[in-house]
Amino acid sequence: MAKTIAVEYRVHDGPDALAHAAAEHFLEQAQKSVAAKGKARIAVSGGSTPKRTFELLANPKEKFLQAMPWEKLELYFVDERTVPPTDKDSNYRMTREAMLDKVPLKPEQVFRIKGELPPEEAAARYESTLRNQFKLEGAEVPRFDVLALGMGDDGHTASIFPHTAGIHELARLVYANQVPQKDTWRVTLTWPVIIQAGEVFFLIGGKDKADPLHRVLQGQYDPETLPSQLIQPKNGKLLFLLDKDAAALLPAPDASGKGKLEIQR
Ligand SMILES: O=C1O[C@H](COP(=O)(O)O)[C@@H](O)[C@H](O)[C@H]1O
């Protein structure tokens, strides 16, 4: 039976406004989760887009550094490149330099994927970390409170790339995904884990993303080609924080910058 997913998108003027909106969203969602259950387990993506947001969260001139309940957070990673944590391509390195070095998160609150290990081992170890931290039994799946995704211009999300085995991985929590088109491996949360999160949002900016985003939301369902289409959260709602360039091919938002779509899957 077809399922309806309520998609909301919020369009911001440019990269700075988008980063501010994302920082606000992280803060709101973390506060909400801490108020409800005493902690917030947050999973973040890498790449280039979230960098400005992380810098804002750590900036002493902004409200976020003071307002964020840092001591109640646990920070996890959605995916990692198969490189050491010091490598320029490491998602952990980007996050550490932009935010972790400057905020009061203790090392025991941060759970990185060990990209320096062989990919299968890094995935197995991260899966064990998640099992321990979330006290999972059997086939249980972790439920992050907030999970932020990006999207590549090829329609990939996390490290689930077009036409890769990660699209079909349903059993594991964390997967070592071979990505022939990049001649590399990646380590990634699997999509059945991603969709369980209490709040899932995409953070997407730039004109290169306009066409793939339009196809993800309004094109034919073809997750082999557009893995971002796999993200159909269990909570039934999906939020996209966008800049004008990324949103250029979507229906025009209202005066406050909000747009809505209902997609059938
Ligand atoms: O390779 C990756 O790409 C996506 C998108 O990154 P962006 O630079 O286009 O924002 C990212 O979400 C993922 O974490 C990363 O490993």
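In the annotation of an unreviewed UniProt entry, the entry for the protein chain reads 6-phosphogluconolactonase, and the organism field reads Alloacidobacterium dinghuense. We quote the UniProt Pathway (unreviewed entry) comment for the protein chain here in full: "Carbohydrate degradation; pentose phosphate pathway; D-ribulose 5-phosphate from D-glucose 6-phosphate (oxidative stage): step 2/3."

1. Quick word on the nonpolar core
The biggest cluster of nonpolar side chains holds 86 residues, and the ones touching the most others in it are F26, F144, L147, L189, I194 and F240. Looking at which element gives the most residues to this core, the answer is helix α1 (residues 15–37), with 8 residues. Beyond its immediate chain neighbours, meaning those up to four positions away, F144 contacts R41, A43, Y76, L130, F134, L189, V193, A197 and G198.

2. Points about the UniProt feature "domain: Glucosamine/galactosamine-6-phosphate isomerase" (unreviewed entry) in the protein chain
Feature annotation in UniProt places "domain: Glucosamine/galactosamine-6-phosphate isomerase" (unreviewed entry) on residues 15–239, given in this structure's numbering. Each end of residues 15–239 is marked by a C-alpha atom, and these two atoms are 17 Å apart; helix forms 31% of the span and strand 18%.

3. Comments concerning the pairing of strand β3 (residues 73–77)
Of all 5 residues in β3, 5 are buried, a share of seventy percent or more. Taking every second residue as pointing to the same face, both faces of β3 are buried, with L73, L75 and F77 on one and E74 and Y76 on the other. When strand β2 (residues 40–44) meets β3, the two strands line up parallel, connected through 5 bridges. Bridge pairing in β3 links I42 to L75.

4. What to know about the sheet that holds strand β5 (residues 110–111)
If you walk across this open sheet you meet the 8 strands as β5-β3-β2-β6-β9-β10-β1-β11, and the pairing is mixed. At either margin of the open sheet sits one strand with a lone partner, and together these are β5 and β11 (258–264). With 2 bridges joining them, β2 and strand β6 (residues 146–149) adopt parallel strand pairing. Across the sheet, the residue bridging to A43 is L147, located in β6.

5. Focus: unusual backbone geometry
Phi angles above zero are rare outside glycine, and K135 is one such case at about 50°. Of note, K135 is situated in the loop between α5 (119–133) and β6. Of note in this structure, A158 is not a glycine but carries a positive phi near 50°. Looking at the secondary structure, you find A158 in the loop between β6 and β7 (174–179). Given a relative accessible area of 7%, A158 falls into the buried group.

6. Section: the sheet that holds β7
Strands sit in the order β4-β8-β7 across an open sheet of 3 strands; the sheet is antiparallel. Only two strands of the sheet have a single neighbouring strand rather than two, namely β4 (79–81) and β7. Each neighbouring strand pair of the sheet contributes to a mean axis angle of 25°, computed without reference to strand direction. With 3 bridges connecting them, β4 and strand β8 (residues 184–189) associate as antiparallel partners. Opposite D79, over in β8, you have T188 as the bridge partner.

Rules used throughout
Residues numbered from 1 in each chain as written. Predicted model: local features only at pLDDT ≥ 70, side-chain atom pairs only at ≥ 80, totals over all residues. Heavy atoms only, no water. UniProt positions renumbered as here; feature names shortened; annotations may be inferred. Core = buried A, V, L, I, M, F, W, Y, C linked by side-chain atoms within 4.5 Å. Buried < 20%, exposed > 50% of the residue type's maximum accessible area, 1.4 Å probe, protein only. Helix = DSSP H or I, 4+ residues; strand = E, 2+ residues; numbered from the N terminus. Contact = heavy atoms within 4.5 Å. Pairing = 2+ DSSP bridges. Axes fitted to C-alpha atoms, helices over the stretch in contact; angles between N-to-C directions.

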